[in-house]
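Listed below, chain by chain, are the residues.
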Amino acid sequence: GAVVAQTFIDLADPFSERYVGLLRRIAAAHPQVKVLIRHQPLPFHPGAELAHQAALEAYAQQGNAGFWALADAIMASPKAIGRDDLVGHARVAGLDVAAFEAALDDQRHAARVQQDEKAVSDAGLPIKVLAVGQRTMKGTSPQAAIEAFLLGG
């Protein structure tokens, strides 16, 4: 059956790109695995909160393709996540830039990011943790170990 895994990431975390790439390769190889990205911008990464809101707006506009176009751009340059950077990424990704800026201004996705942050702090989970039901695994593991966790239980 389907395996639904959740993982909490900070798009501004320099190690997220490799970790997320690994998860996406595993999901591509095993169609029964679905990975839900949850939002955990860390307080010591200024701008991370807005970057996550930006990724959610990209999702609102263009679904998974929009989300990943923006998330990949953010993860590729995790230090450059000011508002202007995000708007530039949105333009390159072909998003509706006016709607994108409006979403950042009115903070319409802030509650969703905060909901994820609360979920992770309530559960006492660290960043880059993978959760399937009640089972959890720290994310900094080799691909084979993550695959075994996801597929084998």
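Residues numbered from 1 in each chain as written. Predicted model: local features only at pLDDT ≥ 70, side-chain atom pairs only at ≥ 80, totals over all residues. Heavy atoms only, no water.

1. Considerations on the overall build of the protein
Within the protein, the regular secondary structure consists of six helices and four strands. Going from N to C terminus, the protein has its helices and strands arranged as β-α-β-α-α-α-α-β-β-α. Radius of gyration (C-alpha) of the protein: 15 Å, near the 15 Å computed for a compact globule of 153 residues. Sorting the 153 residues of the protein into buried and exposed places 43% on the buried side. Look at the contacts in the protein between residues 6 or more apart in sequence, and 69% of them connect residues 24 or more apart. Counting 14 positive and 16 negative side-chain charges, the protein places the centres of these two groups 8 Å from one another. (Helix = DSSP H or I, 4+ residues; strand = E, 2+ residues; numbered from the N terminus. Rg over C-alpha atoms; globule rule 2.2 N^0.38 Å. Buried < 20%, exposed > 50% of the residue type's maximum accessible area, 1.4 Å probe, protein only. Contact = heavy atoms within 4.5 Å. Lys, Arg positive; Asp, Glu negative; His and termini not counted. Charge placed at Lys NZ, Arg CZ, Asp CG, Glu CD.)

2. Observations concerning the packing of helix 3 (residues 83–92) against helix 4 (residues 97–106)
Geometrically, a packed helix pair is captured by the angle between its two axes and the distance between the axes. Two elements in contact, helix 3 and helix 4, have axes whose closest approach is 10 Å; the angle formed by their N-to-C orientations is 145°. For the pair helix 3 and helix 4, the crossing hand works out as right-handed. Where helix 3 abuts helix 4, its residues R83, L86, V87, A90 and R91 lie against V97, F100, E101, L104 and D105. Of the residues contributing to the contact of helix 3 with helix 4, the split by class is six nonpolar, no polar and four charged. (Axes fitted to C-alpha atoms, helices over the stretch in contact; angles between N-to-C directions. Left-handed = near helix turned anticlockwise from the far one by under 90°. Nonpolar A, V, L, I, M, F, W, Y, C, P; charged D, E, K, R; others polar.)

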